[in-house]
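Coordinates in review
Here is what each chain is made of, one letter per residue.
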Amino acid sequence: MPYLRYPNISVYILNDQSTKSNTIGCLIIDDDPFIQDLLMDKLQQYFPEIKVLGKAMDGKQGLAKIASLDPDLVFLDVEMSDMTGFEMLSQLNTIGFKIIFITSYKHYAIKAIRFNALDYLLKPFDLEELKNAVKRYKETESPSTNLVLHNLKAQNAKDQTMILRTQQGELYIPLKDIVSIQGERNYSYINLVKDKKELVSKTLRSLEDLLEEKGFFRCHKSFIVSKNHIVSVRRSSIILSDMTEIPISRRKQDQFKKWQEE
Amino acid sequence: MTYIDLKNLKAISRDDTTRMHKYLVQFEQLIPERTHELEKALTNQNRLRIRQILHKMSPQLQFFGIQNIMVPIQRLEFEYETMSLLELEQLVKEIIVRLQGALSEVSEYIRLHFE
């Protein structure tokens, strides 16, 4: 599978591990002292290569510590007393570290975390999940965190870029380029502008979950369409900008009309 | 012990009594503070604040194995806006009773093993 890189998106690799020692400097940002202590103890016990550089109690303190400590990895609470983790990140100009979000339960923020192919851990931290997250941290060569920043600052969903993890690396797909998606069991074909196509190992359901509030609609059990690429609507089908005709399920027709009017 | 289960605490402490003591004392300090905040939020009928306090507390309560407290907490976290005030009060009071029970057991454990 080709490794997509779009020229209009700047992906900076600021966190070049090869120039640093093997020690991973991390920062823990969470407003609960219990969580801070627990994570620090687990890291010290099971991950000697990770050094906790510091801890911060809220987003404001977190921003200051990021600037002064220059961490490689930040464990970031989704919901802090003064701001959310995403709000904190959007105040940065660039992100030179990787992020593992920490949260108490799978709430709304998880969708945003998945859309950006970021990692998260559920408190109070299962050891195996922590090990897997650290493993992924080490194995992911290209930090997409500045693309995440781009997404956080984008005013419209169509200006955002979906980041999908594949076995070959990360796939960056600007939402405005997606015309439709066709599901094939556990895989999906993402049909892009200029007749490009990507096959990804994601179910249509999981992609629908990521895209349903971003101008996309599942009009049929096998298809998702982009509102930006609808050219015309027939009685039970849609013509898209690539001139394909996509069926609308009978049971989805009312929902589709409502979605179009939104 | 009725309310708490120290399995997780023993696992993270790995026979390090100082570390174990640290978590127990932290529980003894944080829980009364947060219970007080919870009572205040309930008096003020501040639903959002109740949710925030419970959200913050829940990992520590899970860690201390207070499993029977997680169901009412999760209900309050997800239904705090829509639940009737009567039910909200009942659930918060139920949680506070369990917190006090857990707190007594933690204090007793500290007294027996660390004093």
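Everything quoted here is computed from the prediction, not taken from an experiment. (Residues numbered from 1 in each chain as written. Chains lettered and ligands numbered in written order. Predicted model: local features only at pLDDT ≥ 70, side-chain atom pairs only at ≥ 80, totals over all residues.)

Thoughts on the domain arrangement of chain A
Test applied: The split into domains, and so the bounds of each, comes from an automatic or database assignment of domains.
Partitioning chain A into domains gives domain 1 (17-150) and domain 2 (174-261). One C-alpha centre belongs to domain 1 of chain A, the other to domain 2 of chain A, and the line joining them spans 34 Å.

With respect to helix H6 (residues 145-153) of chain A
Short version of the rule: Once C-beta atoms are placed from the backbone, each residue is buried if 20 or more other C-beta atoms lie within 10 Å of its own, exposed if 12 or fewer, and partly exposed for counts between those two. Strands here mean DSSP runs of E at least two residues long; helices mean DSSP runs of H or I at least four residues long; both are numbered from the N terminus. By definition, residue pairs are in contact when their C-beta atoms, positioned from the backbone, come within 7 Å.
Within H6 of chain A the residues assigned to the buried category are Thr 145, Asn 146, Leu 147, Val 148 and Asn 151 of chain A. Elements that come into contact with the buried residues of H6 of chain A comprise strand S4 (98-103), strand S6 (161-166) and strand S7 (169-174) of chain A.

Here we look at the interface of chain A and chain B
Counted only if it meets this: Residues are grouped as follows: nonpolar covers Ala, Val, Leu, Ile, Met, Phe, Trp, Tyr, Cys and Pro; charged covers Asp, Glu, Lys and Arg; every other residue, Gly included, is treated as polar.
Listed per partner, the contact involves 11 residues of chain A and 12 residues of chain B. In the side of chain A that touches chain B, the residues fall into five nonpolar, one polar and five charged.

Thoughts on unusual backbone geometry
The omega angle of the peptide bond from Lys 123 of chain A to Pro 124 of chain A is 5 degrees, so this bond is cis rather than trans. Within the secondary structure, Pro 124 of chain A is located in the loop between strand S5 (119-122) and helix H5 (127-139). One non-glycine residue, Arg 14 of chain B, adopts positive backbone phi at about 45 degrees.

Overview of the packing of helix H3 (residues 47-63) of chain B against helix H4 (residues 70-79) of chain B
All names here are of chain B. How we decide: Here an angle of 0 to 180 degrees is reported between the N-to-C directions of two axes, which are lines fitted to C-alpha atoms, with helices fitted over the stretch in contact. Any angle that falls under 35 degrees is termed roughly parallel, while one over 145 is termed roughly antiparallel, one within 65 to 115 roughly perpendicular, and all others oblique. In this scheme the handedness of a crossing depends on how the near helix is turned from the far one: anticlockwise by less than a right angle means left-handed, clockwise means right-handed.
It is at 9 Å that the axes of H3 and H4 come closest, and there the two elements cross at 150 degrees. By the criterion of interaxial angle, the relationship of H3 to H4 is roughly antiparallel. As for how H3 packs across H4, the hand of that crossing is left-handed. Only Met 70, Ile 73, Leu 76 and Glu 77 of H4 make contact with H3, whose side of the interface consists of Ile 50, Arg 51, Leu 54, His 55, Ser 58, Leu 61 and Gln 62. Of the residues contributing to the contact of H3 with H4, the split by class is six nonpolar, three polar and two charged.

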